[in-house]
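# Fold and geometry: a report
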Amino acid sequence: MQVRNTKQKQVVTKVIQEAECPLTVHEVLARGQKMLPSLSLATVYREIGRLTEAHELQTVAIPGDPPRYEAHSHHHHHFKCTGCDKVYEIEGCPKELKSLVPKGFKPVTHDLTFYGLCKACN
């Protein structure tokens, strides 16, 4: 099935690709409506679902928060500001994390989120 490349889909894709941090569906909608006021929540959900299914987006799951989405990229971790609730990317991955895995266990994947105050809230 061919997916039409509508203006709405272009806006959703552009918002996520240009974001400096992972965004919730409502953040995508708010930013997208600045470019295209008629953008609907249903369209944002549909496009995020399609992009996630196509492995162009990855979900950032932070306990207690709604899912956030970011362009699929290299392995990295996140920092959540407890002041403003923004989530930031942290580059790299500490190699010593493997040493925390119990002997005889084989890790498949991991996710690490730091919590604290961002530069603006500090």
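Before reading on, note that the structure itself is shown above.
Reading guide: rules and limits
- Residues numbered from 1 in each chain as written.
- Predicted model: local features only at pLDDT ≥ 70, side-chain atom pairs only at ≥ 80, totals over all residues.
- Heavy atoms only, no water.
- Buried < 20%, exposed > 50% of the residue type's maximum accessible area, 1.4 Å probe, protein only.
- Helix = DSSP H or I, 4+ residues; strand = E, 2+ residues; numbered from the N terminus.
- Pairing = 2+ DSSP bridges.
- Axes fitted to C-alpha atoms, helices over the stretch in contact; angles between N-to-C directions.
- Parallel < 35°, antiparallel > 145°, perpendicular 65-115°, else oblique.
- Left-handed = near helix turned anticlockwise from the far one by under 90°.
- Contact = heavy atoms within 4.5 Å.
- Nonpolar A, V, L, I, M, F, W, Y, C, P; charged D, E, K, R; others polar.
- Core = buried A, V, L, I, M, F, W, Y, C linked by side-chain atoms within 4.5 Å.

Among the five residues of strand E3 (residues 77–81), four are classified as buried, and the element is accordingly described as predominantly covered. Sheet topology places E3 next to strand E4 (residues 87–90); four bridges connect them, and they run antiparallel. Within the sheet, the bridge partner assigned to Phe-79 lies in E4 and is Tyr-88. Between E3 and E4, which pair antiparallel and follow one another directly, the connecting turn spans five residues, one of which, Asp-85, has a positive phi of 70°.

This paragraph deals with the sheet that holds E3. Taken together, three strands build an open sheet; the order of strands is E4-E3-E5 and the sheet is mixed. Edge positions in the sheet fall to E4 and strand E5 (113–116), since each has one partner strand and no second. Strand-to-strand, the axes of this sheet are offset by a mean angle of 25°, without reference to chain direction.

It is the contact of helix H2 (residues 25–35) with helix H3 (residues 41–53), at a shortest axis distance of 10 Å, that shows an interaxial angle of 120°. Classified by the angle between their axes, H2 and H3 sit oblique to one another. Between H2 and H3 the crossing geometry is right-handed. Contacts from Val-25, His-26, Val-28 and Leu-29 of H2 reach H3 at Leu-41, Val-44, Tyr-45 and Ile-48. When grouped by side-chain class, the residues that make up the contact of H2 with H3 number seven nonpolar, one polar and no charged.

This next bit is on the nonpolar core. Judged by nonpolar contacts, the single largest core of 17 residues is most densely connected at Val-12, Val-28, Val-44 and Ile-48. Of all elements in the fold, only helix H1 (7–18), H2 and H3 reach the threshold of two or more residues within this core. Every residue in contact with Ile-48, bar those within four places of it in the chain, is listed here: Val-12, Ile-16, Val-25, Val-28, Leu-57 and Tyr-69.

Any link to function would need more than the numbers given here.
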